[in-house]
Amino acid sequence: MKLGEIYLRIWGCLAAAASESDHAFNAMQASTIGLDGAPNLRTVALRRVSEPENLISFHTDLRSPKVAELDREPRIALAGVDSDRKLQIRVFGEARIIRDGPVRVDAWKASRDHDLIQYRTLLAPGTPIAQPRDAFGKKSDIPGPDEGLAHFCVVEVRAVSIDWLDLSEADNPKRARFIRSGDEWTRKWIAP
Ligand SMILES: Cc1cc2nc3c(=O)[nH]c(=O)nc-3n(C[C@H](O)[C@H](O)[C@H](O)COP(=O)(O)O)c2cc1C
C-alpha cells in the first residue's frame, strides 16, 4: 500500500469509527497533561471526523478534569488499536473546547438520550460519593433531559501529526508518519 492510500485509509477508519459504535477505533484513548504535570488519559468515543476540516471531535462534560487540563495545555494525543487487524493509529493535535454556539447544541440534539444521561448528574465527574446512584442526588432532584446541556461540550481536535502502524504481516511491519504543515500533509515511512 502506498503512503497516499494509507493516509486515506486512516481518515476512512476514523470516519467509520465515528458513525459505528462497535468499530475498533470508535473508542480511542485521549491523553492530556494533568494539572500536576503527570500524564493523564481516558477513553473517549469519536463523534465527528472530517478529513477536509482536519477535524476529530468527541463529547465531554465541562466539569471533567480533562477540560481543565486542555484549557491549560491544549495539546492532546489520541491512540486507537484494531487488535484483529493489528493496526494502531495515533493522532497528535490541538484541542478546542466548544462551550457554546450551534455546533454544541446540534451535537447535543443529535446524540442518543442514552449517551446524555451522565451530563445530568448533579455532581461533577470525579466527585466522591457513597454509592453509584448518589451521583444523581435524590430522585426529586434529577434534572430534566435538557438540563444536562449546561454540562455538555464538544472537543474538537485538529491533527498536527498522525502515526500509523500496521503489524498485520509479521515479517513486514509498516509504519508511516503524516505531518501537517499549513494546509498540506507531508508523509514518510519510518522504522517500526
Ligand atoms: C467505552 C467508553 C467510552 C467513553 N467515551 C467517553 C467520551 O466520549 N467522553 C467522555 O468524556 N468520557 C468518555 N468515557 C469516560 C472516560 O473514559 C472517563 O472515565 C471520564 O470522561 C472522566 O475522565 P477525566 O476524569 O479524565 O476527565 C468513556 C468510557 C468508556 C469506557
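Residues numbered from 1 in each chain as written. Predicted model: local features only at pLDDT ≥ 70, side-chain atom pairs only at ≥ 80, totals over all residues. Heavy atoms only, no water.

Draft legend 1. Structural view of the site of the ligand. Neighbouring residues of the ligand: Arg42, Thr43, Val44, Ala45, His59, Thr60, Ser64, Pro65 and Lys66. Here an oxygen atom of the ligand and a backbone polar atom of Thr43 are 2.8 Å apart. Interatomic distance of 2.7 Å between a backbone N/O atom of His59 and a nitrogen atom of the ligand. Relative to its unbound accessible area of 620 Å², the ligand is 57% covered by the protein chains. (Near = heavy atom within 4 Å. Polar contact = N/O pair within 3.5 Å; in protein donor to acceptor, adjacent residues only side chain to side chain. Areas by Shrake-Rupley, 256 points an atom, 1.4 Å probe, with all protein chains shown as cover.)

Draft legend 2. The pattern of salt bridges, seen in detail. With the rule as written, the count across this model stands at 16 salt bridges. A salt bridge links Asp82 to Arg85, with the nearest nitrogen and oxygen atoms 2.9 Å apart. With relative accessibility at 6%, the residue Asp82 sits in the buried group. Connected through shared salt-bridge partners, Arg90, Asp163, Arg175 and Arg177 make up one network. (Salt bridge = Lys/Arg side-chain N within 4 Å of Asp/Glu carboxyl O. Buried < 20%, exposed > 50% of the residue type's maximum accessible area, 1.4 Å probe, protein only.)

Draft legend 3. Quick peek at the nonpolar core. Residues Leu14, Ile56, Leu78, Ile89, Ile162 and Phe178 are the most contacted members of the largest nonpolar core, which totals 34 residues. The biggest single contributor to this core is helix H1 (residues 3–19), with eight residues. In this view, Leu14 contacts Phe25, Met28, Leu46, Val49, Ile56, Ile89 and Val91; residues no more than four positions away in its chain are not counted. Counting eight residues, the second-largest nonpolar core is a separate cluster that includes Ile98, Trp108, Leu116 and Tyr119. (Core = buried A, V, L, I, M, F, W, Y, C linked by side-chain atoms within 4.5 Å. Helix = DSSP H or I, 4+ residues; strand = E, 2+ residues; numbered from the N terminus. Contact = heavy atoms within 4.5 Å.)

Draft legend 4. Just unusual backbone geometry, in detail. Non-glycine residue Asn54 carries a positive phi angle of around 50 degrees. As for its placement among the helices and strands, Asn54 is situated in the loop between strand E2 (39–50) and strand E3 (55–61). Judged by its relative accessible area of 4%, Asn54 is buried. Of note in this structure, Lys86 is not a glycine but carries a positive phi near 55 degrees. Residue placement: Lys86 occurs in the loop between strand E4 (75–82) and strand E5 (87–98).

Draft legend 5. Representation of the packing of aromatic side chains. Scanning the model with the defined rule gives five aromatic pairs in all. Taking the centre distance of 6.2 Å and the plane angle of 70 degrees together, the rings of Trp108 and Tyr119 count as edge-to-face. A residue pair is termed long-range when its members are at least 10 positions apart, and Trp108 in helix H3 (residues 102–110) and Tyr119 in the loop between helix H4 (113–116) and strand E6 (152–166) qualify at eleven residues. One exposure class covers both Trp108 and Tyr119, and it is buried. The interplanar angle of 80 degrees and the centroid separation of 5.1 Å between the aromatic rings of Tyr119 and Phe152 together place this pair among those described as edge-to-face. Linking Tyr119 in the loop between H4 and E6 with Phe152 in strand E6, this pair joins segments that are 33 residues apart in sequence. Ring-pair connections join several aromatic residues into one group, and the members of that group are Tyr7, Phe178 and Trp185. (Phe/Tyr/Trp six-rings, centres within 6.5 Å; stacked < 30°, edge-to-face > 60°.)

Draft legend 6. View of a nonpolar patch on the surface. A cluster of nonpolar side chains, Leu122, Leu123 and Ile129, forms an exposed patch at the surface whose accessible area comes to about 220 Å². Structurally, Ile129 can be placed in the loop between H4 and E6. You can call Ile129 partly exposed: its relative accessible area is 37%. (Patch = residues over 30% accessible without salt bridge, like charges linked within 9 Å, V, L, I, M, F, W, Y side chains within 5 Å.)

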